[in-house]
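# Inside the fold
What follows is each chain in one-letter form.
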Amino acid sequence: MEGTREPRLRAVGSYCSIAEADDLDLSRLLDKPRLNIERQRSFDERSLSELSINLRGLDAADSIYSPGAAGRSGFDTPGSSTWHSFEPHPMVGDAWEALRRSLVSFRGQPVGTVAAYDHASEEVLNYDQVFVRDFVPSALAFLMNGEHDIVKNFLLKTLLLQGWEKKIDRFKLGEGAMPASFKVLHDPVRKTETLIADFGESAIGRVAPIDSGFWWIILLRAYTKTTGDLSLAETPECQKGMRLILSLCLSEGFDTFPTLLCADGCCMIDRRMGVYGYPIEIQALFFMALRSALALLKHDAEGKEFIERIVKRLHALSYHMRNYFWLDFQQLNVIYRYKTEEYSHTAVNKFNVIPDSIPDWVFDFMPTRGGYFIGNVSPARMDFRWFALGNCVAILSSLATPEQSMAIMDLLESRWEELIGEMPLKICYPALESHEWRIVTGCDPKNTRWSYHNGGSWPVLLWLLTAACIKTGRPQIARRAIDLAESRLQKDGWPEYYDGKLGRYIGKQARKFQTWSIAGYLVAKMMLEDPSHLGMISLEEDKAMKPVIKRSASWTC
Ligand code: GLC
C-alpha cells in the first residue's frame, strides 16, 4: 500500500544527516510489510563526525571549485566556502575544464562523456564513445556539483538502448543487457543525430559487459539519493529496466553458488586476464546493485517478486563471499594445511583446493594484520590476486563486514608500496609474468607485466579508494594517495594508466586526457572536502547478514 511505504531515499545535502533506509534488516522484508523504522545513527554519520575531527588535523584541505557550472549550490564556488578558506588546488580548475571538454551532446542535451579526449593519439579505437562504467565518476562529479540533468539524460538514453534487440551473429543476447558504450553519429548532410551502441558485438573479444547494468542501477540510486527525486526511479521505464537487468542475473540454472558466473573481459578488465569464473569485481558490483535495487523497486506485484528473490540472493551471496573469498593470515594458514579429496557435507576444503596451488608470493604479501577478498573462487581454483575495484566496492556496499573493511584498509597501509606505490592505485597485484602471462593472457602485448590490466596503476581508482577510506574513517590514507596523484597527474596529461612495479611510468599505450582519470580525481577531492557526499555511493551494513566465520587475528587487534 502506498501510504505505508517509507521514503526509501532522501537527498544528500552538504553536512546533512545521511542516515538511510539502506540499513534495513533484509529478513523483515520477506514476511512483513514495510513500516516506518526509527533510524539509528548510521555508519555514514558516524564516520562523518569522526571525519570532521580527523579533517581538522589534515594539512590544507583544498576547497573545491568548478568553473562554468550552472545551477549548482553555492558551497563549492570560490570564496563561498566558510569552512575552508584555502585556495583550491590549481589542478581542480584544469580538471573541470577537461571534464567539460569531454561532454557529449545528443540533440542539444548533454548525455555523457567520451572515454578519452586525446587528440595526440593516432588511434581512436572506441575511446571516442561514452562508456557506461567510465561515465560513473563523471556522473558523481556532476551530481556533487549540483548538475543533475546530464546524469538523468544519461540514465534515460542508456535505458532506451537497453530496449534494442542485441545480436551477435545469429545469437540474441538477454533482453536486460546494457551497452558497454555508445556513440552519437552526426549526419552533416541530413543534419540528424543518431545513437549507436555496443553491447559486446563490436568489442574486442566480443564479451558483453556484465558490469554495465550493475553500474546503471548503482547510478540510478546515486541520482535518486542526491536529488531526492524519486520520480525518475519510479517511472515504469526505470522499474522495467531494473527488472530486466535483475532477471538476467537472478535466473536459476545449473549454478551451485550464489555468485555470478562470468566470461573473461566482462568488466573494467575487459580483456583476457584470467578473471573468468567468479571475479570479485562482478560479485561486489552484483551485491551493490542488488542492494541498490532493493531501495528503488516499487512494492507492486512485479516489484515484490523481485524483492523476494533479491533478499534471498543477498543472504546467500554475502555468506559465500564473506566465508570463501575472504583471506587473511589465519585463513591462509588454514588453506595451507587443507586436506584434499574430501567428500560429503563434512568437507572443510569444500572446493577441493590443492594447497600446492597457492602461489609463493602470497605468503610474503600477507601481513599479520589485514586481509582482502581474493580475485576468484571456483572448484579447485583460488585466484589469490588482489583486485582494487572489487575490494573497494565490497567496503562501499557493506559486502565486507566492518571488521573486514578495516582489515582491507590495514592491508593497504601495510602493503603501500605494492598497492599504491608512486601512483594510486594498482588495478591488481601482482602481475602475471613469463609462462603464466603467456597462458593466461594469451600473450597479450598490451598486458605485459606491470602494465595496463596486468598490475598497472589506474588513477581512476582513486575515487573508490577515497570513498572506502572515508567510510572506514581513515581519510588520511586517501589524503596521502591524492597527494601522490597531484604531484604528477596533470603534468602527465591525465593518463589512463601507469606502468611499472611502483607505477612510475606513463602507461606504454595509455591515452592522455582519459576522462575517468580526471573525474576520479575530482570525485576524490570533493568527497574528502565534504564527506557527506559518501552517501550517494555507500550502503549501510545490513545487520541480518552477519557472517558465520571464525575471527582471525587481524579482526581482533
Ligand atoms: C579500457 C578499459 C575499460 C574502459 C575502456 C574505456 O578498455 O579496460 O575498463 O572502460 O578502456 O576507457
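The shown structure was predicted, so the numbers you read here are calculated from the model rather than taken from an experiment.

Scanning the model with the defined rule gives seven cavities of 30 Å³ or more in all. Forming the walls of the largest cavity are 25 residues, and the residues nearest its centre are Asn-126, Phe-131, Arg-133, Asp-270 and Tyr-452.

Right, let's get into helix α13 (residues 402–414). Relative to the 18 Å expected for 13 residues at 1.5 Å per residue, α13 spans 18 Å between its end C-alpha atoms, a close match to the ideal helical length. Residues of α13 that are buried: Gln-404, Ser-405, Ala-407, Ile-408, Met-409, Asp-410, Leu-411 and Leu-412.

Bringing the confidence of the model for the chain into the picture now. Predicted coordinates in regions of low pLDDT should not be interpreted in detail. Chain-level pLDDT for the chain is 86 on average; 81% of the residues reach the 70-or-more range. The low-confidence segment residues 1–8 (pLDDT under 50) makes 20 contacts with residues lying over four places distant or belonging to another chain. Note that residues 10–64 has pLDDT below 50 and, in this model, 137 contacts with residues that lie over four places away or in other chains.

What follows deals with the site of the ligand. Looking at the ligand, the residues that line it are Ala-115, Tyr-127, Phe-131, Arg-133, Asp-134, Met-268, Asp-270, Tyr-452, His-453, Glu-496, Gln-514 and Trp-516. At a separation of 3.0 Å, an oxygen atom of the ligand approaches a polar side-chain atom of His-453. Within the complex, the protein chains bury 96% of what would otherwise be the 310 Å² of accessible surface of the ligand. The cavity that encloses the ligand is the largest cavity. Of the residues in the shell around the ligand, the class split is six nonpolar, two polar and four charged.

A separate point is the packing of aromatic side chains. Summed over all chains, the structure comprises 22 aromatic pairs. Consider the rings of Phe-365 and Tyr-372, whose centres lie 5.9 Å apart with planes at 80°: the pair is edge-to-face. Side by side, Phe-365 and Tyr-372 carry an identical accessibility label, which is buried. Taking the centre distance of 5.5 Å and the plane angle of 25° together, the rings of Trp-458 and Tyr-497 count as stacked. Remark: Tyr-497 occurs in the loop between α17 (475–486) and β12 (498–499) and Trp-458 occurs in the loop between α15 (434–441) and α16 (462–471); sequence separation between them is 39 residues. Summarising the burial analysis for this pair, Trp-458 and Tyr-497 share the class buried. An aromatic cluster of three or more residues is present, and its members are Trp-361, Phe-365, Tyr-372, Trp-386, Tyr-429 and Trp-450. Just above the ring of Tyr-276 sits the side chain of Arg-381; from NZ or CZ to the centre is 4.3 Å. When the ring centre of Tyr-452 is taken as origin, the NZ or CZ atom of Lys-446, which lies over that ring, is 4.2 Å away.

Moving on, we get to the layout of surface pockets. Volume-wise, the largest pocket comes out at about 630 Å³. Ile-210, Leu-248, Cys-249, Leu-260 and Leu-261 are the residues nearest the centre of the largest pocket, which is lined by 27 residues in total. When contributions to the lining of the largest pocket are tallied by element, the ones reaching two or more residues are β5 (171–172), α6 (210–227) and α7 (236–250). Considered class by class, the residues forming the lining of the largest pocket number 17 nonpolar, six polar and four charged.

Now for the nonpolar core. Core analysis: the biggest nonpolar cluster contains 169 residues, and Trp-216, Tyr-372, Phe-384, Leu-461 and Trp-463 have the highest contact counts within it. Looking at this core element by element, the count peaks at 12 residues for helix α8 (residues 280–296). Aside from chain neighbours lying at most four places away, what touches Trp-216 is Leu-155, Thr-158, Leu-159, Met-178, Cys-238, Met-242 and Ile-245.

For strand β1 (residues 103–106) and strand β2 (residues 109–113), the ladder comprises four bridges, and the chain directions are antiparallel. Paired with Val-104 across the two strands is Gly-112, which belongs to β2. Between β1 and β2, which pair antiparallel in sequence order, lie two residues; one of them, Arg-107, sits at a positive phi of approximately 50°.

It is worth spelling out the sheet that holds strand β10 (residues 381–387) at this point. Across the sheet, four strands lie side by side as β8-β9-β10-β11; this open sheet has antiparallel pairing. The open sheet has two edge strands, β8 (326–328) and β11 (428–429), and neither has a second partner. Relative to β10, strand β9 (residues 371–378) runs antiparallel, the two sharing four bridges. Within the sheet, the bridge partner assigned to Asn-376 lies in β10 and is Asp-383. Against the sheet, helix α12 (residues 388–397) engages β9 and β10, with an angle of about 80° to β10.

Of note, Thr-226 is situated in helix α6. Engagement of the side chain of Thr-226 in a polar contact is seen with the backbone oxygen of Ala-222, the distance being 2.6 Å.

Glancing now at the packing of helix α3 (residues 90–101) against helix α4 (residues 132–144). Following both chains from N to C, one finds α3 and α4 inclined at 115°, their axes separated by 12 Å at the closest point. Crossing of α3 over α4 shows left-handed handedness. Residues Trp-96, Leu-99 and Arg-100 of α3 form the contact with α4, whose own contacting residues are Ser-138, Ala-141 and Phe-142. Grouping the amino acids of the contact of α3 with α4 by side-chain chemistry returns four nonpolar, one polar and one charged.

Reading the values: rules and limits
- Residues numbered from 1 in each chain as written.
- Predicted model: local features only at pLDDT ≥ 70, side-chain atom pairs only at ≥ 80, totals over all residues.
- Heavy atoms only, no water.
- 1 Å grid on protein atoms, 1.4 Å probe; cavity = no way out; pocket = protein on both sides within 12 Å on 5 of 7 lines; lining within 4 Å.
- Points joined across faces, edges and corners; volume = space filled by probe spheres on them.
- Helix = DSSP H or I, 4+ residues; strand = E, 2+ residues; numbered from the N terminus.
- Expected span 1.5 Å × (residues − 1).
- Buried < 20%, exposed > 50% of the residue type's maximum accessible area, 1.4 Å probe, protein only.
- pLDDT = per-residue confidence, 0-100.
- Contact = heavy atoms within 4.5 Å.
- Near = heavy atom within 4 Å.
- Polar contact = N/O pair within 3.5 Å; in protein donor to acceptor, adjacent residues only side chain to side chain.
- Areas by Shrake-Rupley, 256 points an atom, 1.4 Å probe, with all protein chains shown as cover.
- Sits in = over half its atoms within 2 Å of the grid points.
- Nonpolar A, V, L, I, M, F, W, Y, C, P; charged D, E, K, R; others polar.
- Phe/Tyr/Trp six-rings, centres within 6.5 Å; stacked < 30°, edge-to-face > 60°.
- Lys NZ or Arg CZ within 6 Å of the ring centre and 35° of its normal.
- Core = buried A, V, L, I, M, F, W, Y, C linked by side-chain atoms within 4.5 Å.
- Pairing = 2+ DSSP bridges.
- Axes fitted to C-alpha atoms, helices over the stretch in contact; angles between N-to-C directions.
- Left-handed = near helix turned anticlockwise from the far one by under 90°.

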